[in-house]
Amino acid sequence: PLPTDLSLGIAIRPRSGLELVADVGVQLPETITTLNNPVAGLVQQKLELAPRVGIGAELAVTEQVWVRLGGLYNQSAAPSPDSADDTARETYLGVTGGLSFQGERTATSIGGFGLFSESEVYVLGAAAPRRSNAHTRLYGGMLAFSYRL
């Protein structure tokens, strides 16, 4: 079975030219069973309750150009590792930003994002088991086209 994700979001326009958005979600606990390999047999991974939050704002620079800014928190559902045999845990903080160009029926959006995390994982093959000093940084961009009927 796959974990259940529940979320709820809202978007409000407190005034013309400003839209605020927010969503909160949670991934429910679950035990996932996979076949690691035919000889080793089944592997079970227990996932914990994991909250997620996203916030954002869109601000009209002109009638056709909007600036979009946002932030997010995505907690890992994996438990904190106690040994090198445990799964890594990644809890992300992120930022997003972009521009949207509005036409009468179309919108073209460009933007980027950055996700940052302190990795919780043990160093494989270390003489004495110890946690890694690893950090994760993910960056990306997007281009989207929308058409209103």
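Residues numbered from 1 in each chain as written. Predicted model: local features only at pLDDT ≥ 70, side-chain atom pairs only at ≥ 80, totals over all residues. Heavy atoms only, no water.

Caption draft 1: Summary view of the pairing of strand E5 (residues 50–60). As judged from the 10 bridges shared by strand E2 (residues 18–27) and E5, these two strands associate in the antiparallel manner. Across the sheet, the residue bridging to aspartate 23 is glycine 54, located in E5. Of the strand pairs in this sheet, E5 and strand E6 (residues 65–74) are connected by nine bridges, and their pairing is antiparallel. Looking at the pairing, alanine 57 lines up with leucine 69 of E6. The hairpin formed by E5 and E6 contains four residues between the paired strands. (Pairing = 2+ DSSP bridges. Helix = DSSP H or I, 4+ residues; strand = E, 2+ residues; numbered from the N terminus.)

Caption draft 2: Geometry of the environment of glutamate 104. As for its position among the elements, glutamate 104 is in the loop between strand E7 (92–102) and strand E8 (106–118). Of the residues examined, glutamate 104 reaches a relative accessible area of 80% and is grouped as exposed. In this structure the C-alpha to C-alpha distance between glutamate 104 and threonine 31, which are 73 residues apart in sequence, comes to 49 Å. (Buried < 20%, exposed > 50% of the residue type's maximum accessible area, 1.4 Å probe, protein only.)

Caption draft 3: Structural view of the pairing of E8. With 10 bridges joining them, E7 and E8 adopt antiparallel strand pairing. Across the sheet, residue leucine 99 finds its bridge partner in E8, namely isoleucine 110. In sequence, E7 turns back onto E8 through a hairpin of three residues. By the bridge criterion, 13 bridges tie E8 to strand E9 (residues 135–147) in an arrangement that is antiparallel. Counted as the bridge partner of glycine 112 is glycine 141 from E9.

Caption draft 4: Region of interest: a nonpolar patch on the surface. On the surface, a nonpolar cluster with roughly 570 Å² of combined accessible area is contributed by Leu8, Val24, Val53, Ile55, Tyr73 and Leu93. Here leucine 93 is to be found in strand E7. (Patch = residues over 30% accessible without salt bridge, like charges linked within 9 Å, V, L, I, M, F, W, Y side chains within 5 Å. Areas by Shrake-Rupley, 256 points an atom, 1.4 Å probe, with all protein chains shown as cover. Salt bridge = Lys/Arg side-chain N within 4 Å of Asp/Glu carboxyl O.)

Caption draft 5: Just the sheet that holds strand E1 (residues 5–15), in detail. Taken in spatial order, the seven strands line up as E1-E2-E5-E6-E7-E8-E9 in an open sheet, and their pairing is antiparallel. Only two strands of the sheet have a single partner each, and these edge strands are E1 and E9. The mean angle between the axes of side-by-side strands here comes to 15°, regardless of whether they run parallel or antiparallel. (Axes fitted to C-alpha atoms, helices over the stretch in contact; angles between N-to-C directions.)

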